[in-house]
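Structural overview
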Amino acid sequence: MVFYQKKYDIIVVGAGHAGCEAALASARMGCSVLLMAIDLDKVAAMPCSPSIGGMAKGQLVKEIDALGGEMARVADKTAIQYRTLNTKKGPAVHSSRTQNDKIRYHIVMKAVIEKQPNLDLKQAMVERLVVDGGRIVGVEDRTGFGYQTKTVILATGTFLSGLIHIGFNSIRAGRAGEFASYSLPEHLKELGFKLGRMKTGTPPRLKRSSIDFSRFTKQDAEQDPTPFSFFTQKISMPQVPSYIGHTNKKSHKIVQENLKHSALYGGIIKGISARYCPSFEDKIVRFPDRKRHQVILEPEGLDTDEIYASGLGNSLPMETQIEFVRSVDGLEEAEIMRPAYAIEYDYVNPLQLSPALESKPVSGLFMAGQINGTSGYEEAAGQGIWAGINAACKVQGRKPFILDRSQAYMGVMIDDLVTRGTCEPYRLFTSRAEYRLMLREDNADLRLMETGHGLGLIDNNTLKDVKERKKQIAKEIKRIKGTVIKPSKDTNDYLLSCGTRPVNNGVYLDQLLKRAELNYHAVETLSKSHENFGKRVAGQVELEIKYEGYIKRQLLEIEKFRNLERIKIPEGFDFTGVHGLSNELREKLSRIQPISLGQTSRIDGITPAAISMLMIAIKAFGKRSQALHMHVFRATNIATL
């Protein structure tokens, strides 16, 4: 094999959302990086919904941004609609979402990558990994040309053995119109990886001018939205609406009568579908009593006539798709510009990965995105920056980058994948995060920017600003807690005007702020601060005081959680020798190789008794290791004498 003359620290295979974040993070940390894509015109493509964020996903994007990632910044430069979800609930589950111009998103992200120092971008299809002595040393493309490297990050999306289905017509493709990779997954099996099969899909795209929007309910973008990125100063893109409608009995009857022609229910598809994002055939079968289902029409961009028909995803034949789409009120004359389809693809069981997302069978090989069994751009990007940072840490001889479940949604996702694995497309939800009150969107920068700075991804000025805001928040909370408001006519008249009861005795200002009717502006009116705090400081002060009791309880829970996390399992520990464990648990622990008792406690089937047995065995292992170390030390000294 002929190798390219330039050697790289890291090669990233795949330039979707995972690959882009991985390549940028590792290059910004000072590594020489090569990002390889099958088609450079599809870098950071949005093959499904052209949107960023959503429930739990918005929190994840904020965390990527706080660590120095790119997704939120590009989202702000290309967003044509902003919305905040769950605003009627508490701040722990507030989630941002943008509708994006998908062509602009690709163009902006590709430009960022092309301008990034230390980062090369090339078009090629990788077919084999070059492994020497169980360690990655390079990759080989379809032409037989090789590239040498110290580490590889596979971010292959749906391209491994990708197969698109429209009715009983099946096409080999990673996405519609793009080549799939069939050699690489076979090579991964040769290397000892266990692969599974998953299925996802995308709805039809409709021609804007063929839709009667008067039959739909208009949903305007938010007024004065908050940018996605902590670094965005101004939103400049025009904002456009989306439209909400519903299917009907006729729609359901068409699908029911044609289930036998569906790839999903006709026996063609073998992969596991996403439970939380079902196709329309799934909806009809799983919810037969529902009279209608929601349809959301979302623009794909400012300069295109294509409309994304969310809710109409299916794998029906083309002639049935036309009939089905036109059964919806307002879509009687709709023209399908791109048909809906289902796609099957291979994934690697994530139990074969360490918490750094490095593979166990091959040293120096990392994986990120849908190859690990996840779904969604945001989940992919989160894994991408995680894998990119860890690949750079490995090259630079630094300890692995790991965030635990109490530090970030990112930590929840990675821990779920490498500890429990997944047999269906994994999606983040706020309910997956036990400590979600501490993992809000609004404090992602306060939680993670110092970590990002330590990695070299956040600059000094940004870190200085974060530290200053933390001081301001603490100072203002202290002032509010130490300020007493005495009853007076003016005070009580103001309280009544705010819809809350008056005071008869002196009361601390923080007790007033805890009232549901009052916000930071109201209490500051009662007692003006000598400093002019910004909006972000005021927001944090209000949240921390209002939810103080809940926060204290959650901090106690986190401390208990960390007590188990602190007990590390020594490298080389033999789980098969732990007395009292069942053979099933010994086999499972040997396969997963947890790094702490905390991670062990989250493995399916692990009991408190098993944790106790492991704790005893770990202590005994430590004593044996210490005794062995002393024996070697003494023997060395005697030999020296």
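Read on for a plain summary of the structure. Remember, predicted model here, so these are calculated numbers, not experimental data. Along each chain, numbering runs from 1 in the same order as the chain's sequence is written. With the structure being a predicted model, the display of local features is reserved for residues of pLDDT at least 70 and the display and counting of side-chain atom pairs for 80 or more, all residues being used for whole-chain, interface and lining totals. By convention in this description, side-chain values take in all heavy atoms of the structure and omit both hydrogens and water.

1. Regarding the overall build of the protein
Going along the chain from the N terminus, every DSSP run of H or I of four or more residues is numbered as a helix, and every run of E of two or more is numbered as a strand. What the protein contains, in helices and strands, is 20 helices and 22 strands. Within these notes, the globule rule equals 2.2 Å times the number of residues to the 0.38 power, and the radius of gyration is based on C-alpha atoms. For 641 residues, the compact-globule formula gives about 26 Å, and the C-alpha radius of gyration of the protein, at 27 Å, lands near that figure. With a 1.4 Å probe rolled over the protein chains alone, any residue whose accessible area is under 20% of its type maximum counts as buried; one over 50% counts as exposed, and the rest are partly exposed. Out of the 641 residues in the protein, the part that is buried amounts to 55%. We call two residues in contact whenever any of their non-hydrogen atoms come within 4.5 Å of each other. The contacts in the protein between residues at least 6 apart in sequence include a share of 73% that link residues at least 24 apart. Per-residue and other accessible areas follow the Shrake-Rupley method at a 1.4 Å probe size, with only the shown protein chains counted as cover for residues. Here the protein displays about 28,600 Å² of accessible surface, and carbon together with sulfur accounts for 52% of that area. Charge counting treats Lys and Arg as positive and Asp and Glu as negative, with His and both chain ends excluded. Every charge is mapped onto a representative atom, which is NZ of Lys, CZ of Arg, CG of Asp or CD of Glu. The centroid of the 89 positive side-chain charges in the protein is displaced by 4 Å from the centroid of its 72 negative side-chain charges.

2. What to know about the packing of aromatic side chains
Aromatic contacts are taken between Phe, Tyr and Trp rings whose centres are within 6.5 Å, Trp giving its six-membered ring; a plane angle under 30 degrees counts as stacked, one over 60 as edge-to-face, and the others as tilted. Evaluation of the coordinates by the stated rule reveals 10 aromatic pairs. Each ring, one from Phe145 and one from Tyr147, has its centre 5.3 Å from the other, and the planes form 85°; the classification is edge-to-face. Between Tyr547 and Tyr550 the ring centres are 6.3 Å apart and the planes differ by 50°, which places this aromatic pair in the tilted class. Members of the aromatic cluster, joined through ring pairs, are Tyr4, Phe145 and Tyr147. Criterion for a charge above a ring: Lys NZ or Arg CZ within 6 Å of the ring centre, and within 35 degrees of the ring normal. Above the plane of the ring of Phe231 lies Arg73, whose end atom (NZ or CZ) is 4.0 Å from the centre. The ring of Tyr182 has Arg172 lying over it, and the distance from NZ or CZ to the ring centre is 3.9 Å.

3. Looking at helix H16 (residues 535-546)
Over its 12 residues, H16 runs 16 Å from end to end, which matches the ideal 16 Å to within 8%, given 1.5 Å per residue. Against the buried residues of H16 lie helix H11 (444-455), helix H12 (460-482), helix H14 (509-513), helix H15 (520-526) and helix H17 (548-565). Helix span, expected: 1.5 Å multiplied by one less than the number of residues in the helix.

4. A look at unusual backbone geometry
Non-glycine residue Ala44 carries a positive phi angle of around 55°. You can see Ala44 is positioned in the loop between strand E2 (33-37) and strand E3 (51-53). For Ala44, a relative accessible area of 0% translates into the label buried.

5. Quick notes on the environment of Val2
Mapped onto the secondary structure, Val2 falls in the segment before strand E1 (8-13). Taking the relative accessible area as the measure of exposure, Val2 reaches 57% and is therefore exposed. For Val2, the contacting residues outside a window of four places in its chain are Gly144, Phe145 and Gly146.

6. Description of the sheet that holds strand E19 (residues 341-348)
At least two bridges found by DSSP between two strands are what make those strands a pair. What the four strands build is an open sheet, ordered E11-E10-E19-E12; its pairing is antiparallel. Looking along the sheet, the strands with just one partner apiece sit at the ends: strand E11 (169-172) and strand E12 (195-202). Recorded for the sheet is a direction-independent mean angle of 25° between the axes of neighbouring strands. As judged from the eight bridges shared by E12 and E19, these two strands associate in the antiparallel manner. Looking across to E19, one finds that Arg197 is bridged to Asp346. The axes used here are C-alpha line fits, helices contributing only the stretch in contact, and every angle between their N-to-C directions lies in the interval 0 to 180 degrees.

7. Looking at the pattern of salt bridges
The working definition used for a salt bridge is a side-chain nitrogen of Lys or Arg within 4 Å of a carboxyl oxygen of Asp or Glu. Within the structure shown, the criterion is met by 48 salt bridges. Between Asp416 and Arg420 there is a salt bridge, and its shortest N-O distance comes to 3.2 Å. One end of the pair, Asp416, and the other, Arg420, are both in helix H10 (residues 409-420), four residues apart, so they sit about a helical turn from each other. With relative accessibility at 5%, the residue Asp416 sits in the buried group. On the basis of relative accessible area, Arg420 is assigned to the partly exposed category, the value being 38%. The residue Lys475 makes a salt bridge to Glu531 at a minimum N-O spacing of 2.3 Å. Remark: Glu531 occurs in the loop between H15 and H16 and Lys475 occurs in helix H12; sequence separation between them is 56 residues. Take Glu531: its relative accessible area is 33%, and that puts it in the partly exposed class. One continuous salt-bridge network, built from bridges that share partners, spans Arg405, Asp415, Asp416, Arg420, Glu434, Glu565 and Arg602.

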